[in-house]
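# Residue-level structure breakdown
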Amino acid sequence: MTAADSRDVVRRYLDAVGALDLAALATTFADDVVMDLPYAPPGFPRRVEGKADVTGFFDGMPAMITPLNFHDYRLDLVEGDPSEVIAHYASDARILATDRVYRNHYVSRFRVEDGAITWFAEYFDPLVLVEALGGRVVAPAEEVPA
């Protein structure tokens, strides 16, 4: 696989998630794909394994959020390894239950083999998500009104 092929698979993934095109999204995953979300807030999984479960994770998104409209892609290769892609991108969406804006910035790392994503980790600011969902993060010194 070439570096251009790896970037193309990652771009197709970002386009599919950004549009919430679940059918197109499934075509980007290997059967044994692993998704890591190291900064996921409570209520969200930190790791999901296997194509069925990873696609299942995304199946619930259209009921929760408008299309993410990912933009400002920057796709870099890990030096010396055309199968490893680092992606920087941003989202612009709304949470349906709260009607709040959800705009976040992401850095993700992908491993692409034989034309499919075998592993990826997505890093994002979980506080932005919590607040868009209607939650609140309170500093320890801040007094919470009763």
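Structure first, text after, so check above.
Predicted model only: the values in this text are computed from it and were never measured.

How each quantity is defined
- Residues numbered from 1 in each chain as written.
- Predicted model: local features only at pLDDT ≥ 70, side-chain atom pairs only at ≥ 80, totals over all residues.
- Heavy atoms only, no water.
- 1 Å grid on protein atoms, 1.4 Å probe; cavity = no way out; pocket = protein on both sides within 12 Å on 5 of 7 lines; lining within 4 Å.
- Points joined across faces, edges and corners; volume = space filled by probe spheres on them.
- Helix = DSSP H or I, 4+ residues; strand = E, 2+ residues; numbered from the N terminus.
- Nonpolar A, V, L, I, M, F, W, Y, C, P; charged D, E, K, R; others polar.
- Phe/Tyr/Trp six-rings, centres within 6.5 Å; stacked < 30°, edge-to-face > 60°.

### Quick word on the layout of surface pockets
Its boundaries defined by the atoms lining it, the largest pocket holds a volume of some 280 Å³. What lines the largest pocket is a set of 19 residues, among which Phe44, Phe57, Met61, Glu122 and Leu129 lie closest to the centre. Broken down by secondary-structure element, the contributors of at least two residues to the lining of the largest pocket are helix 1 (3-19), helix 3 (51-59) and strand 8 (116-124). The greatest single-element share of the lining of the largest pocket, amounting to three residues, is contributed by strand 8. Partitioned by chemical class, the residues of the lining of the largest pocket number 18 nonpolar, no polar and one charged.

### Focus on the packing of aromatic side chains
Taken as a whole and assessed by the stated rule, the structure comprises 13 aromatic pairs. Connected via pairs of aromatic rings, a cluster forms that spans Tyr13, Phe29, Phe57, Phe58, Phe110 and Phe120.

Just geometry here; none of it tells us what the structure is for.
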